[in-house]
Amino acid sequence: MQKDLLNSVVKITKHRDVDSLELSLLSTISEFLSPSEAALYKDLSRFNSAGIEKSASIETDKTGAIKWSSRKMIATPNKELLCCIESACTISLQDKQGNEKRWIPVIIDDQVMGAVYLVVKHLTSTEQVTLNALCRIYENYLTILNESERDKLTGLLNRQTFDRKIKQLLEDQLHSHNSPLEKGVRNKHYDESSWLAMIDIDHFKKVNDTYGHVCGDEVLLTLSQRMQQYFRSSDLIFRFGGEEFVIVFEPTTLLHIATKLAHFQDFISDQKFPFVEELTLSIGFARMSPYDFPISVIENADKALYVAKNNGRNQCVYYGDIINSENENIPPTNDIELF
Ligand SMILES: Nc1nc2c(ncn2[C@@H]2O[C@H](COP(=O)(O)OP(=O)(O)OP(=O)(O)O)[C@@H](O)[C@H]2O)c(=O)[nH]1
């Protein structure tokens, strides 16, 4: 048991991204404690009003078959989960069938980030020690991964993680694209795809020049918080460069994404920012299919952003609208500064 446990810990800490770490934690809990259910909840209310997300879960049926479920928002979290998150304490209760339900808080830098949940018949004291140790290992390793994946100023995903996250997303999409179940669904949603938007603050240099770099940082931080409030937790938001952000959206229609981005521009120009009277954004966006190279999608969104800037800023331009229009504003690819 000890040897197996140590090997599992080695496996957990081998991961280089948060999603795989979560899956690895749940499968280790499942292997050593045999819960009928185990899940990981994340409290997203620090970022947006969205609330609590079940980021991964695993269920074992009577035959021992394991079923994984992917992330989803929890519309009405139960009171024990909320109590665990609010109090930062482990909550445990016994149901009528004699199963124990347990919620263990996940705490990072003195803040409760979410909770590990499991349903078990009974936990011996050794198993309780194992469970707590696994949760603490998860917390410690999550802290390290968060530091390497996130931008220090804004807490958004950083540019270094972009390639890995996008590769993973495209692989998942390709997988579901080819699955027989999804093929049926796809016929209904043939006009849906993922999207990549490149967002750049207009005349940001003026903010720095007028108020100083520290104030500029505060504006960047506020904008990042507004982005996290406005977009869904499933949309990946990256700080790409100084005042440049990239968002990758889940599959949806062109109409929906164009409307959403236009509303976001309005939302931002209506917001109060420190120091500046009004902040406007230029946006370029492009379609992203599972067969595209991420670098080409970035180039496309960047060309659309270039057009938005050249057409007077505070605009949202779709790459598809400019490719056939012999727009002189599009620079040759070599002129675009990418990495
Ligand atoms: N405060 C702060 N400023 C940054 C950071 N990174 C980049 N910048 C600044 O962002 C500004 C970007 O300026 P430009 O590329 O000329 O763009 P702009 O002034 O926004 O003009 P347009 O994009 O053409 O509308 C520069 O002044 C950089 O110094 C950062 O981390 N903090």
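Residues numbered from 1 in each chain as written. Predicted model: local features only at pLDDT ≥ 70, side-chain atom pairs only at ≥ 80, totals over all residues. Heavy atoms only, no water.

Rules: UniProt positions are given in the numbering used here, feature names are shortened, and annotations may be inferred rather than shown by experiment.
The protein is annotated in an unreviewed UniProt entry as diguanylate cyclase of Pseudoalteromonas piratica. The heading Catalytic activity (unreviewed entry) in the UniProt record of the protein holds the text "2 GTP = 3',3'-c-di-GMP + 2 diphosphate".

**Here's the deal with the pattern of salt bridges**
Here is the rule: Between Lys or Arg on one side and Asp or Glu on the other, a salt bridge is scored when a side-chain nitrogen of the former is within 4 Å of a carboxyl oxygen of the latter. Accessibility here uses a 1.4 Å probe with only protein chains present; expressed as a share of the type maximum, an area under 20% marks a residue as buried, one over 50% as exposed, and anything in between as partly exposed. Helix and strand assignments come from DSSP, with helices taken as H or I runs of at least 4 residues and strands as E runs of at least 2, each series counted from the N terminus.
Applying the stated criterion across every chain yields a total of eleven salt bridges. The closest approach of N and O atoms between E100 and R102, which form a salt bridge, is 2.7 Å. By the burial criterion, E100 is buried, and R102 matches it. D209 is the salt-bridge partner of K205, the closest N and O atoms lying 3.0 Å from each other. Placement of the pair is K205 and D209 together in helix α7 (residues 204-211), with a separation of four residues, close to one helical turn. Each member of the pair, K205 as well as D209, is classed as exposed. Three or more residues joined by partner-sharing salt bridges are found here, namely E149, R164 and K165.

**Considerations on the packing of helix α1 (residues 2-12) against helix α2 (residues 18-33)**
Note the following rule: With axes taken as lines fitted to C-alpha atoms, and helix axes fitted only over the stretch in contact, angles between N-to-C directions fall between 0 and 180 degrees. By the definition adopted for this analysis, an angle is roughly parallel if under 35 degrees, roughly antiparallel if over 145, roughly perpendicular if from 65 to 115, and oblique otherwise. By definition, turning the near helix anticlockwise from the far helix through less than a right angle yields a left-handed crossing, and turning it clockwise yields a right-handed one. In this analysis, two residues are considered to be in contact whenever any of their non-hydrogen atoms come within 4.5 Å of each other. Throughout this entry, Asp, Glu, Lys and Arg are counted as charged residues, while Ala, Val, Leu, Ile, Met, Phe, Trp, Tyr, Cys and Pro are counted as nonpolar. The remaining residues, Gly among them, count as polar.
Taken N-terminus to C-terminus, the directions of α1 and α2 make an angle of 170°; their axes are 9 Å apart at the nearest point. Put simply, α1 runs roughly antiparallel to α2. α2 is crossed by α1, and the crossing has right-handed handedness. Between α1 and α2, the residues in contact are D4, L5, S8, K11 and I12 and L21, S24, L25, T28, E31 and F32, respectively. Within the contact of α1 with α2, the residues separate by chemical class into five nonpolar, three polar and three charged.

**Here we look at the layout of surface pockets**
Note the cut-off: Only protein atoms enter the 1 Å grid used here, on which a cavity is any set of points holding a 1.4 Å probe that cannot leave and a pocket is any open set flanked by protein within 12 Å on both sides along at least five of seven lines; residues with an atom within 4 Å of a point are listed as lining. Grid points are joined across faces, edges and corners, and a volume is the space filled by probe spheres set on the points.
If you add up the space inside the second largest pocket, you get close to 220 Å³. As for the second largest pocket, its lining consists of D202, H203, K206, V207, T210, Y211, V276, E277, E278, L279 and T280.

**Let's talk about a nonpolar patch on the surface**
Selection rule: Within the patch definition used here, like charges are joined within 9 Å and nonpolar side chains (Val, Leu, Ile, Met, Phe, Trp, Tyr) within 5 Å, considering only residues with over 30% relative accessible area and no salt bridge. Areas reported as accessible are Shrake-Rupley estimates using a 1.4 Å probe. Residue values count occlusion only from the protein chains shown.
On the surface, L23, I66 and W68 cluster together into a nonpolar patch covering about 290 Å² of accessible area. Inspection of the secondary structure puts W68 in strand β3 (residues 66-69).

**Some details on the packing of aromatic side chains**
This is how it is decided: Pairing of aromatic rings covers Phe, Tyr and the six-membered ring of Trp, with a centre-to-centre limit of 6.5 Å; geometry is then stacked below 30 degrees between planes, edge-to-face above 60, and tilted otherwise.
As enumerated under the stated definition, the model contains 14 aromatic pairs in all. Aromatic side chains W195 and F285 sit 6.1 Å apart centroid to centroid with 65° between the ring planes, which places their arrangement in the edge-to-face category. Placement of W195 in strand β9 (residues 193-201) and of F285 in strand β12 (residues 281-288) is noted, with a sequence separation of 90 residues between them. For the pair shown, W195 and F285 are each scored as buried.

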